[in-house]
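What follows is the residue order along each chain.
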Amino acid sequence: MRTQVCIIGGGPSGLLLAQLLHRAGIDTVVLERRDRAYVLSRIRAGVLEWGTVGMLDAAGVGERMHREGFVHGGTLLSARNRAIRIDFEALVGTRVMVYGQTEVTHDLYDARDAMGGVVIDEAEGVTLHGLPDAPFVTYTKDGTEHRIDCDYIAGCDGFHGVSRAALPASLLKTFEKVYPFGWLGVLSETPPVSHELIYANHERGFALCSMRNANLSRYYLQVPLTDRVEQWSDTAFWDELRRRIPHEAADTLVTGPAIEKSIAPLRSFVAEPMRWGRLFLVGDAAHIVPPTGAKGLNLAVSDVHYLSQALIARYRDGTEDLVEAYSDRALARVWKAIRFSWWMTTLLHRFPDQTEFDQHIQNSEIAYLEHSSAARTVLAENYVGLPY
Ligand code: APR
Ligand code: PHB
């Protein structure tokens, strides 16, 4: 088989890239290791920057998002029972869209099907060859080996994929910070406790109140990495959440059975460069952020923005400069989001080795946010997403 761009990974990065390239007349094949039911059942974060909304619109997949998503003009930060509103609209004139990544992926698959695009799922043993200049990809499906010849490979295969490992060790540089706690997440068929998200700093640990729709809530608690999901009964979860959020919210919290419960570790990770010849790294394949700033999916989308621009210019005008600039352009934005996610994480969590000095710094940072619109503007500008 031959295609112009072979895309490894059928997550949001790979599918969005495929959709934008297709609309520009560029042929793609998507190779996905898992089956579709698995890909569509993964529960991930749910806040889209306005730039992400624009990208989904440009890909022609925004219709259901605009119908079912919730536009939020601000968010709440709480500490010691006081809530600080970060008014995105007043501070930076933009809003965000609350719409689950699971739904985004669903819409992308529907669009890919509608245009008859190729997604080869359950592709085993995907291997990259001929890099950096003459790429081709092999994989096994139903016991038979196949080969795809292509001009470019887009490595959209997430943190555990094979693409990043295809870069020579002498070229690849990685940067990592692992945080000493995890997030216990619960999804429940209950009305959200607040019409905006609540990010809660509390002496017992961080908590987050989020949502998917009018009768589907998503809540998180900071927990030690040694905790197991089985240790957390639904009752224990709700009791702990009530302790960490403002009293007013705790008093009106509607609880119910958890329909999903899981613990995820938190890390920051960056791999450089994001291009080696005709191979590009996109999304989680190149970087991971802790979920505190809701940047994971949004960063993947900004990578897709830079890469789709570069490939469209290459095929339309024969120019290579944006292809060559891809890694630098993407990384400049990635590092700013890495910084912001680290800052939000540091601001809101309790660290096991936190000293009294550290605690004073955290408290005064929160007090500064409460009293300075300049400080709130910095938060808002980063949260709604820096320009591409
Ligand atoms: N061969 C083929 N596909 C693979 C391989 C492989 N060797 N390894 C992984 N994949 C697939 C995974 O099964 C998955 O469907 O690549 C896909 C990668 O998808 P994601 O992990 O969702 O990554 P990405 O598309 O970059 O999405 C952005 O940022 O912070 C996160 O939650 C956010 O998942 C979102 C991500
Ligand atoms: C979510 O809704 O799952 C969510 C929202 C905001 C975050 C992280 C996760 O910062």
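The numbers attached to residues start from 1 for each chain and follow its sequence in the written order. Just so you know, chain letters begin at A and ligand numbers begin at 1, following the order they were written in. At least 70 in pLDDT is required for a residue's local features to be given in this predicted model, at least 80 for side-chain atom pairs to be given and counted, and no such filter applies to totals for whole chains, interfaces and linings, which use all residues. Think of the side-chain values as coming from all heavy atoms in the structure, minus any hydrogens and water.

Caption draft 1: Geometry of the packing of helix α10 (residues 321-348) against helix α11 (residues 356-371). Two numbers describe how α10 lies on α11: the axes approach to 9 Å, and their chain directions differ by 110°. What the angle tells us is that α10 and α11 run roughly perpendicular. Along its contact with α10, which presents W343, T346, L347 and L348, the element α11 presents Q362, E365, I366 and L369. In this classification, Asp, Glu, Lys and Arg are treated as charged, Ala, Val, Leu, Ile, Met, Phe, Trp, Tyr, Cys and Pro as nonpolar, and every other residue, Gly included, as polar. In terms of residue class, the contact of α10 with α11 is made up of 5 nonpolar, 2 polar and 1 charged. To get an axis, a line is fitted to the C-alpha atoms, and for a helix only the part in contact is used. The angle between two axes follows their N-to-C directions and goes from 0 to 180 degrees. Only DSSP runs of H or I covering at least 4 residues are called helices, and only runs of E covering at least 2 are called strands; the numbering of each starts at the N terminus. Should an angle fall under 35 degrees it is called roughly parallel, over 145 degrees roughly antiparallel, and 65 to 115 degrees roughly perpendicular, with every other angle called oblique. In what follows, residue pairs with any heavy atoms lying within 4.5 Å of each other are defined as contacts.

Caption draft 2: Local environment of the domain arrangement of the chain. Per the domain assignment, the segments making up the chain are domain 1 (5-71 + 96-176 + 267-345) and domain 2 (178-266 + 353-383). At the interface, 25 residues of domain 1 touch 21 residues of domain 2. Across the domain 1 to domain 2 interface the summed buried area is about 1900 Å²; carbon plus sulfur atoms make up 69%. A 1.4 Å probe defines the accessible area here, and the buried area is the portion of it lost by two parts on being joined, summed over both. Considering only the surface of domain 1 that becomes buried against domain 2, I43, R267 and W343 emerge as the three largest contributors, covering 26% of it. Under the rule applied, a polar contact is a pair of N or O atoms within 3.5 Å (in protein, one hydrogen donor and one hydrogen acceptor; residues adjacent in sequence only if both atoms are side-chain atoms). Linking domain 1 with domain 2 are 5 residue pairs in polar contact (both at pLDDT 80 or more), by the criterion used here. Elements with a contribution of two residues or more to the side of domain 1 that touches domain 2: β7 (96-98), β17 (258-272) and α10. Looking at the side of domain 1 that touches domain 2 residue by residue, the class counts come to 13 nonpolar, 6 polar and 6 charged. Marked domain ranges trace back to an automatic or database domain assignment.

Caption draft 3: Summary view of the confidence of the model for the chain. As a per-residue quantity, pLDDT reports the predictor's confidence and falls between 0 and 100. Averaged over the chain, the pLDDT score is 97; the fraction of residues at 70 or greater is 100%. Of all helices and strands in the chain, the one with the weakest mean pLDDT is helix α2 (residues 36-41) (91), whereas strand β19 (residues 279-281) scores best (99).

Caption draft 4: Main features of the site of ligand 2. Nearness here has a simple test: a residue counts as near a molecule or strand if at least one of its heavy atoms is within 4 Å of that partner. Taken together, 14 residues surround ligand 2, and among them Y199, S210, R212, Y220 and P291 come closest. In the environment of ligand 2, an oxygen atom lies 2.8 Å from a nitrogen or oxygen atom belonging to the side chain of R212. Contacts to ligand 2 include P291, whose backbone N or O atom sits 2.8 Å from an oxygen atom. Methods summary: accessible areas were calculated by the Shrake-Rupley approach with a probe of 1.4 Å, and residue burial reflects only the protein chains presented. Its free accessible area being 280 Å², ligand 2 has 99% of it covered by the protein chains. Of all the secondary-structure elements, those providing two or more residues to the shell around ligand 2 are β15 (207-213) and β16 (216-223). Looking at the shell around ligand 2 element by element, the count peaks at 3 residues for β15.

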